[in-house]
Amino acid sequence: MQQDNPLEPIRQQITALDQQLLQLFARRRELSIEVAQTKADAVSPVRDVDRESALLTRLVQQGRELGLDGQYVSRLFHTIIEDSVLRQQAWFQERINPTHPEQVKVAYLGAKGSYSHIAAYHYFERRDRKLVEMGLPNFDAIFTAVDEGQADYGILPVENTSSGAINEVFDLLQNTNLYIVGETTETIAHCLLLADDAKREQITTVFAHPQVHAQCSGYLSKQGWDQQYCASSAEAMTRASSEPNTAAIGSARGGSFYGLNVIEANLANQARNESRFIVVARKSISVPLQVPAKTTLLMATSQQAGALVDALLILKQLGLTMTKLESRPIHGNPWEEMFYLDIAANQESQTMQDALLQLRKITRFIKVLGCYPSDTILPTELAAPALADDPRLTGTAAVQTSAPLYSRQLKPENSQINLNNCQFGGQQLQVIAASNAAVTQAEVKIKEQGGHVLLTDSDDVATTLPTAKVISSETQLANINSHLQLLLIEAAQMANQQLLTQVGKQPRPVLLSRGYGASLQQWLDAAEVILQQGNQQVALLAQRHQDIVDFHDLAELQQLTHLPIVIEPGRADDSATTQANLAKAAASIGVSGVLVSLSEQRQPDDYAVFMKALYA
Ligand SMILES: C=C(O[C@@H]1C=C(C(=O)O)C=C[C@H]1O)C(=O)O
């Protein structure tokens, strides 16, 4: 019977040709990996736009001779070359980070068929990894699953060409221990999906994720359907497959998992509807220099006018391209912003190391969230000489700075910490007054007799003075008052790595006491834990329990670190005048603050005597 159909023999020929094309594509891909191996030996970049340009020019020419449209040929080959470049990048990536097993457990939002699932599928397929799927109900659960080791990777959408940034993911990135190790961009084609037995005219309700609703708002506003939000596109599709008179918005591929048919396609407001996803893992990765890389920074500048501009100028002066800048409020610090920057550079390149060094000097908080291969492969335009110089390649030699963040070697000049109008690490000695009295009472005394910061255990925030508080546990840290400006870690907690790590995630300055019997190195190592987490505002506090403040140690510390040093001068039974003299001596060797008690009543007014002697 079939032989009677005149289409059939032609279709058979097309099928046979398609089969050959597939084999040729596969063979081309193998050769592309061989090319990568050669590039590894020669240390040349993956992308070679000159070669692409020559190849495309020739192919377009040859295509024309065969009657093929030039646009058609260049579009086809862009897809082929894109695959080839991404494959080579993945190959290089695997070569220098060879720890991955054959199968990986990946956490994503929603169930099978969600956009995140499809992005995960594409990303790991390119890396020849078998996916063990772990669909989760929300972004928070994805971060937790990876953090706790239940999943190897998490895949998270960060932005969409129609609806913009996915704020929830940015907010979770503020407090994560995870690193960004990859990115991928998916073209999202939103379709109206209906179950087999459903009819378009009978639709009363349409299900979709809120982001999808936003991306298709133009189309939906004309339909008059009840619009219901779902936690994921997969949930939307599940509901549409079982509830009568409903439809879902999702991808054609996703719909096929749920037995849904495409009724209408291309519903998004913007013709080019793409989402960018990031891949997170517990360990950061190195990106080979052959591969164009992106580095993502999390940064809080000071609140002075122009602080962000200063930071961006550093990038400009170093010739670094910023591909993205997002800002999000800092949780617990009203009107303060955390910035996310994507920079088209390899973290290990000299330029990026220089940028980080300079940025650390002017930021209150800075952390590298990750350096990863850039997956955006822009098509090579024909005969465009400018493209021969691909700005996304930072081909400088790798330089790994091994000096610790606290060290003078890394940063010769003193660090400064600003609290309102007072500045630790500046010219003037700052006085922190500790008081158990009511905040208002202490404030009056400080304002009358001098002083800069109030150390109090009270949560009363009715003061215009910067306040400091002793923080002894993670629970206490989680519940601090947002007005609190300075965190004091006492000697007993100096080795509490977990507390130091959490404090390192804070956008607030930290005063770190030396642990009982701790060496200078152990003290500095504890400071390093905080700095490594991003918090650059660390000062060291030499307390009285060290018996007397050891000037030899202070002088040595000055040489080892740029961090401001604060002392609690003298023994408790030293007179106020002795303490003031010690404080002055310490200031002369570069100590930037003193911690004194406001409420000791050994003399009529010890604090007043201290302050008077200090400035005498
Ligand atoms: C395969 C190569 O690597 C890349 C991929 C190309 C391709 O697939 O044709 C061409 C140039 C490079 O950007 C190559 O350098 O030849």
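Residues numbered from 1 in each chain as written. Predicted model: local features only at pLDDT ≥ 70, side-chain atom pairs only at ≥ 80, totals over all residues. Heavy atoms only, no water.

- Looking at an unreviewed UniProt entry, one finds the chain named Chorismate mutase, with Ferrimonas lipolytica as its source organism.
- What the UniProt record of the chain gives under Pathway (unreviewed entry) is the line "Amino-acid biosynthesis; L-phenylalanine biosynthesis; phenylpyruvate from prephenate: step 1/1."
- Turning to the chain, the UniProt annotation filed under Catalytic activity (unreviewed entry) states: "prephenate + H(+) = 3-phenylpyruvate + CO2 + H2O". (UniProt positions renumbered as here; feature names shortened; annotations may be inferred.)

1. Considerations on the overall build of the chain
Now for step 1: Across its full length, the chain carries 19 helices and 25 strands.
Now for step 2: Dimensions of the chain, computed from C-alpha atoms along their principal axes, come out at roughly 115 × 60 × 40 Å.
Now for step 3: If you take every contact in the chain between residues at least 6 apart in sequence, the share linking residues at least 24 apart comes to 71%.
Now for step 4: Working note: accessible area of the chain is about 28,700 Å², and carbon and sulfur atoms make up 51% of it. (Helix = DSSP H or I, 4+ residues; strand = E, 2+ residues; numbered from the N terminus. Contact = heavy atoms within 4.5 Å. Areas by Shrake-Rupley, 256 points an atom, 1.4 Å probe, with all protein chains shown as cover.)

2. Description of the site of the ligand
Now for step 1: The full set close to the ligand counts 13 residues, and R28, K39, D48, E52 and S84 are the nearest of them.
Now for step 2: K39 places a polar side-chain atom, nitrogen or oxygen, 2.8 Å from an oxygen atom of the ligand.
Now for step 3: Take E52: an N or O atom from its side chain is 2.6 Å from an oxygen atom of the ligand.
Now for step 4: Here the ligand loses 91% of its free accessible area of 360 Å² to cover by the protein chains.
Now for step 5: Broken down by secondary-structure element, the contributors of at least two residues to the shell around the ligand are α1 (7–42), α2 (49–65) and α3 (70–96).
Now for step 6: Counting residues per element, the shell around the ligand draws most heavily on α3, at four residues.
Now for step 7: For the shell around the ligand, a count of residues per class yields five nonpolar, two polar and six charged. (Near = heavy atom within 4 Å. Polar contact = N/O pair within 3.5 Å; in protein donor to acceptor, adjacent residues only side chain to side chain. Nonpolar A, V, L, I, M, F, W, Y, C, P; charged D, E, K, R; others polar.)

3. A word on the environment of S275
Now for step 1: Residue position: S275 is located in strand β11 (residues 274–281).
Now for step 2: Here S275 falls in the buried class, since its relative accessible area comes to 9%.
Now for step 3: Excluding its chain neighbours within four sequence positions, the residues that come into contact with S275 are E159, N160, T184, T185, E186 and I188. (Buried < 20%, exposed > 50% of the residue type's maximum accessible area, 1.4 Å probe, protein only.)

4. Structural notes on the pattern of salt bridges
Now for step 1: A full pass over the atoms with the stated rule returns 17 salt bridges.
Now for step 2: The residue R27 makes a salt bridge to E30 at a minimum N-O spacing of 2.9 Å. In this pair, R27 and E30 are both assigned in helix α1, three residues apart and thus about one turn of the helix distant.
Now for step 3: Its relative accessible area of 40% is what places R27 among the partly exposed residues. (Salt bridge = Lys/Arg side-chain N within 4 Å of Asp/Glu carboxyl O.)

5. What about the packing of aromatic side chains?
Now for step 1: Inspection of every chain in the model, using the stated rule, returns five aromatic pairs.
Now for step 2: Taken together, a centroid distance of 4.8 Å and an interplanar angle of 70° make the contact between F170 and Y340 edge-to-face. Taken together, the residues span a long stretch of sequence, with F170 in helix α6 (residues 167–173) and Y340 in strand β14 (residues 333–343) at a distance of 170 residues. Here F170 matches Y340 in class, with each residue buried.
Now for step 3: For the pair Y219 and W225, a centre-to-centre distance of 6.3 Å together with 65° between the ring planes defines the contact as edge-to-face. (Phe/Tyr/Trp six-rings, centres within 6.5 Å; stacked < 30°, edge-to-face > 60°.)

6. A look at the sheet that holds strand β10 (residues 260–264)
Now for step 1: The mixed open sheet is built from five strands, whose spatial order is β8-β7-β9-β6-β10. Every other strand in the sheet has two partners, leaving β8 (226–229) and β10 as the edge strands with one partner each. Strand-to-strand twist in this sheet, taken as the mean axis angle between neighbours without regard to direction, amounts to 35°.
Now for step 2: Summarising the sheet, strand β6 (residues 191–195) and β10 pair through four bridges and their orientation is antiparallel. Its bridge partner being in β10, L192 is matched across the sheet by E264.
Now for step 3: Contacts from helix α9 (residues 233–242) reach β6, β7 (205–208), β8, β9 (246–250) and β10 within the one sheet, and its direction differs from that of β9 by about 155°. (Pairing = 2+ DSSP bridges. Axes fitted to C-alpha atoms, helices over the stretch in contact; angles between N-to-C directions.)

7. Details of helix α13 (residues 439–449)
Now for step 1: Those residues of α13 not exposed but buried are V439, A442, E443, K445 and I446. Taken end-on, α13 shows its buried residues confined to a sector of 165°, consistent with a single buried face. In α13, the exposed positions angled more than 90 degrees off the buried face are occupied by Q441 and E448.
Now for step 2: Residues of α13 that are buried sit in contact with β18 (430–435), β19 (453–456) and α19 (606–614).
Now for step 3: One or two steps after α13, the chain reaches G450, where phi turns positive at roughly 105°. (Arc of directions from axis to C-beta.)

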